[in-house]
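Remarks on the overall topology
Each chain is listed here by its residues.
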Amino acid sequence: MNSEKETFQQRNYIQKSFFYRFSQFVGFLLGARFFVAVLLIFALYVSTFFLFNQDENFRKFVFDFKVHGIIFCTVLTILAGGIINQFYDFEKDHVVKPFRTRIQSFIKQKYFLYAYLVLSLISLGVAWMISHNVFAFFVVYQFFMWFYSHKLSRILVLNNLTFVSLTLYPFFGMMVYYETFSKKVLLMAVFLFLILLCIDIVKDTLTKSVDKAFGYTTIPNYFKSRNTKTIIVSLLIITMIVSMKLIMKTGIAGFMAYYFTAGLFIFILCVYLILNHTRKSNFVTLNILRIWVFIGIIAMLLNGLEGKL
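Right, let's walk through the structure included here. (Residues numbered from 1 in each chain as written. Predicted model: local features only at pLDDT ≥ 70, side-chain atom pairs only at ≥ 80, totals over all residues. Heavy atoms only, no water.)

Comments concerning the nonpolar core
Ranked by size, the top nonpolar core spans 80 residues in total, and within it F138 and L236 carry the most contacts. Element by element, the count of residues in this core is highest for helix 10 (residues 183-206), at 13 residues. Once you skip the residues sitting within four places of it in the chain, F138 turns out to touch I70, C73, T74, T77, S123, L124 and A127. (Core = buried A, V, L, I, M, F, W, Y, C linked by side-chain atoms within 4.5 Å. Buried < 20%, exposed > 50% of the residue type's maximum accessible area, 1.4 Å probe, protein only. Helix = DSSP H or I, 4+ residues; strand = E, 2+ residues; numbered from the N terminus. Contact = heavy atoms within 4.5 Å.)

So this is what it looks like as structure tokens:
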């Protein structure tokens, strides 16, 4: 009888231990924004090979270890940035993202900080081995990742502009590395900047009261609802103008031409939803824009494959 009881207790302990370790692992992935990092790296590889890399064939690109090293450093820096951001936003996330913070509670905050330091140091170490310029590039990137979380995320307008700029910073690095400067690339960069800016501001409308309570001065909790609506709609209209410029002035073709053309109708729909200005319509707008960014990455991939084949 005692033997059966001990066996049951051992089995129960193993199950609890497995659940605890699994929860720690999931908590770390969520804290480091792992899934966001995966999407950004996928986008970085697609844009690097099919947009910035105009001359290299696929074989040469695969064995360009300098590029892979830069992207590896980017992965580690993004993960480190996610960790330090959740460290500073921990109290706010308790209200906005209760499920995620519950999962993250399986890991003590000091271990997140240890992981942040390790990821940052490995990234800088690899960057130093690639070149001193790459090292300087990532020192700047990591500094502003930390400074955004520590200070800039609470400052009106700067929070949105810095967040979007940090998201696009690795893409800018690749553009400089390949020296790919053209009207088409510039307009595509402006298009992506505007759509990400719209996403960030719409996201802030959903956490308006919580942001205000925790000292984050955002556009929705600083301006009146009507002014916030005007800002978002204006950005969407400018994004539509940039889309039309890309279609008519750059000779863009294939899947990307379809993407920017269809985008005009998507943005008109988003304008309609924003003018309704309900929480539900803002939530729908946010997810439409996020999905549209992902579709843009797929369209670039298909367009690139079509052009390479």
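Quick word on helix 14 (residues 255-276)
The first and last C-alpha atoms of helix 14 sit 32 Å apart over 22 residues, in line with the 32 Å expected at 1.5 Å per residue. Along helix 14, the largest kink reaches about 25 degrees and is centred on G263. Just downstream of helix 14, H277 is the residue with a positive phi angle, here 55 degrees. (Expected span 1.5 Å × (residues − 1). Bend = angle between axes of the 7 residues up to and from the residue.)

Considering the pattern of salt bridges
According to the stated counting rule, one finds 2 salt bridges in the structure shown. Between K203 and D204 there is a salt bridge; the shortest N-O distance is 3.9 Å. Residue classification places D204 among the buried residues on the basis of a relative accessible area of 7%. One salt-bridge network, held together by shared partners, links D200, K203 and D204. (Salt bridge = Lys/Arg side-chain N within 4 Å of Asp/Glu carboxyl O.)

Remarks on the side chain of N85
Along the chain, N85 falls in helix 4 (residues 65-88). Judged by relative accessible area, N85 falls into the buried class, the value being 13%. Separated by 3.3 Å, the side chains of N85 and S149 make a polar contact. (Polar contact = N/O pair within 3.5 Å; in protein donor to acceptor, adjacent residues only side chain to side chain.)

Some thoughts on the environment of F50
Within the secondary structure, F50 is located in helix 2 (residues 34-52). Separated by 251 residues in sequence, F50 and L301 have C-alpha atoms that sit 7.1 Å apart.

Observations concerning the packing of aromatic side chains
In the structure shown here, the tally under the stated rule is 16 aromatic pairs. Summarising the aromatic geometry, the rings of F137 and F138 are spaced 5.2 Å apart at their centres and angled 85 degrees between planes, so their arrangement reads as edge-to-face. Grouping residues by exposure puts F137 and F138 together as buried. An angle of 15 degrees between the planes, with centres 4.6 Å apart, marks the rings of Y259 and W292 as stacked. Taken as a pair, Y259 in helix 14 and W292 in helix 15 (residues 279-308) lie far apart in primary sequence, 33 residues in all. (Phe/Tyr/Trp six-rings, centres within 6.5 Å; stacked < 30°, edge-to-face > 60°.)

Looking at the packing of helix 10 against helix 13 (residues 225-249)
Close contact between helix 10 and helix 13 brings their axes to 9 Å; oriented N to C, the two are set at 160 degrees. On the basis of their axis angle, the class for helix 10 and helix 13 is roughly antiparallel. Handedness of the helix 10/helix 13 crossing: left-handed. Across the contact of helix 10 with helix 13, the residue classes tally to 17 nonpolar, 4 polar and 4 charged. (Axes fitted to C-alpha atoms, helices over the stretch in contact; angles between N-to-C directions. Parallel < 35°, antiparallel > 145°, perpendicular 65-115°, else oblique. Left-handed = near helix turned anticlockwise from the far one by under 90°. Nonpolar A, V, L, I, M, F, W, Y, C, P; charged D, E, K, R; others polar.)

Focus: helix 9 (residues 158-178)
With 21 residues, helix 9 ought to run about 30 Å at 1.5 Å a step, and its terminal C-alpha atoms sit 29 Å apart, in line with that. With its phi angle positive at about 55 degrees, E179 sits one or two positions after the end of helix 9.

Some points on the environment of E179
When you line up the elements, E179 lands in the loop between helix 9 and helix 10. Judged by relative accessible area, which is 63%, E179 ranks as exposed. Taking the C-alpha atoms as reference points, E179 and N53, separated by 126 residues in sequence, lie 9.0 Å from one another.

Side note on the packing of helix 4 against helix 8 (residues 132-150)
Packing of helix 4 against helix 8 leaves a shortest axis separation of 9 Å and a crossing angle of 15 degrees. Relative to helix 8, helix 4 is oriented roughly parallel. Here the hand of the crossing between helix 4 and helix 8 comes out right-handed. Note on element contacts: helix 8 touches helix 4 through V134, F138, Y141, Q142, M145, W146, Y148, S149 and H150, opposite I70, C73, T74, T77, I78, G81, I84, N85 and Y88. Looking at the contact of helix 4 with helix 8 residue by residue, the class counts come to 11 nonpolar, 7 polar and no charged.

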